[in-house]
Amino acid sequence: MTTIAFIGLGNMGAPMAINLQKAGHDVRAFDLSKDAVAKVVAEGCAAAFSAQDAVQGAKVIVTMLPASQHVEGLFLGKDGAPGLLSAMEPGTLVIDSSTIAAATSQKVAKAADAAGIDFIDAPVSGGTGGAIAGTLTFMVGGTASQLERAKPYLEKMGANIFHAGAVGAGQTAKICNNMLLGILMAGTSEAIALGVANGLDPKVLSEIMRRSSGGNWALEKYNPFPGVHENAPASKGYAGGFGTDLMLKDLGLAQENAIAVKASTPLGGMARAIYAQHSIAGNGLLDFSSVIQALSAKN
Ligand code: NAD
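Residues numbered from 1 in each chain as written. Predicted model: local features only at pLDDT ≥ 70, side-chain atom pairs only at ≥ 80, totals over all residues. Heavy atoms only, no water.

S.K.: For this particular structure, what's the right way to read the packing of aromatic side chains?
M.R.: The geometry of two aromatic rings is summed up by the distance between their centres and the angle between their planes. Applying the stated criterion across every chain, the model contains five aromatic pairs. With 5.6 Å between their ring centres and 45° between their planes, tyrosine 222 and phenylalanine 288 make a pair best called tilted. Here phenylalanine 288 lies in the segment after helix H12 (266-283) and tyrosine 222 lies in the loop between helix H10 (217-221) and helix H11 (244-261), a separation of 66 residues in the sequence. Accessibility assignment for this pair places tyrosine 222 and phenylalanine 288 in one class, buried. (Phe/Tyr/Trp six-rings, centres within 6.5 Å; stacked < 30°, edge-to-face > 60°. Helix = DSSP H or I, 4+ residues; strand = E, 2+ residues; numbered from the N terminus. Buried < 20%, exposed > 50% of the residue type's maximum accessible area, 1.4 Å probe, protein only.)

S.K.: Mind showing me how you'd approach the site of the ligand here?
M.R.: Around the ligand, a shell composed of 22 residues is seen, among which Asn11, Met12, Asp31, Pro66 and Lys249 lie nearest. In the environment of the ligand, an oxygen atom lies 2.8 Å from a nitrogen or oxygen atom belonging to the backbone of proline 66. Interatomic distance of 3.0 Å between a backbone N/O atom of threonine 99 and an oxygen atom of the ligand. Considered on its own, the ligand offers 840 Å² of accessible surface; in the complex 85% of this is hidden by protein. Looking at the shell around the ligand residue by residue, the class counts come to 10 nonpolar, nine polar and three charged. Residues lining the shell around the ligand come from more than one domain, with at least three contributed by each of domain 1 (3-165) and domain 2 (172-295). (Near = heavy atom within 4 Å. Polar contact = N/O pair within 3.5 Å; in protein donor to acceptor, adjacent residues only side chain to side chain. Areas by Shrake-Rupley, 256 points an atom, 1.4 Å probe, with all protein chains shown as cover. Nonpolar A, V, L, I, M, F, W, Y, C, P; charged D, E, K, R; others polar. Domains from an automatic or database assignment.)

This is how it looks when you write it as C-alpha cells:
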C-alpha cells in the first residue's frame, strides 16, 4: 500500500482516484471544489485540506488539472506563493495526467529534477467511461526507469500504457490524438446532422456508418446525437464528459505546436474555429460532442 496524493478531482480525476483507493492504496484527495472532494471521500479516499496537506508523507502524487497554468502554478508557485515542489520529499514520484503544453511539462520536470523529484507527463485517452472502468490509455513522457516506477499505479487506472519518449513526449502524442478526435467528432456530427436533415433515423444512420468506411470512435462509443448511446454525454444533456473548452484548449495546443515546427494542420485549425464558435455561443462547459448543435440545420 502506498500513500498517494491525488490533486484535481473533476470528471476524470475523481474516478481515477477512486480506482487507486479501491486497489488498496491510501489516497489523500484535494480539489479546490469541496463538492469534488466529498464525492471521492464517499468512496473511501481521505480528504486533504490543501495541496500541501495532501502531499505530506505521500510517496506518489497524481495530478489531473485543466490546463498548463494550473500545473505550473501548483508545482512552481504563483503570485509569490511557493510551489508544491518545495513541500515534497526528494524521491517523490509525480505523475501528471493533465493535458498541457509539452514545454510546461519539461519546465516543471526540470525544476523537479533539481529537487530530486521524478516528474513524468502521463496524459490519458479513453474519456470518463475509461476513467471509471480503469481502462484508460496512458501516453508517458519520461525515462524508462521513471515509467517503471509509475507502472504499478498507472495499471490500476488504465489498460494501455505507452512510452512516447522523453518528458513532454506524452503531451505531444496526446495533442496529436485530440486534434484527430476533435476533427472526427466534428465530421461525425456534420454527417449525422446531414442525414437527420434528410429525414434519416440517427440510430440507423449511425449504425450504417459505424459498420462502413466512416466508422470511428465517436460512432462506436460516444455518439453526439442524443439517445443513440445511452451512456454517452449526448444522452445526458451533454453533462459531464469532456468539456468543449477543454477540447478547444487541446486544439489550441496542437496549433501552437504546429506553428513551432512549421507543420501544416488545416483541418485542426478549422476544428479549433468550429469549437471556438460553439464555446462563444455559451456551450464551453457542455461536453464537446454538443458541437453537433452548431452543425445541425435549423429549420
Ligand atoms: P474538470 O474540469 O472536470 O476537472 C478539473 C478539476 O481540477 C476541477 O474539479 C477543479 O476544481 C480542479 N482544480 C483546478 N485547479 C486546481 C488546483 N490548483 N488545485 C486543486 N484542484 C484544482 O476536467 P477533467 O474533464 O477532469 O479534465 C482534467 C484534465 O484531463 C484536462 O487537462 C483534460 O484536458 C484532460 N482530459 C479530459 C478527458 C475527459 O474526457 N474529460 C479525457 C482525457 C483527458
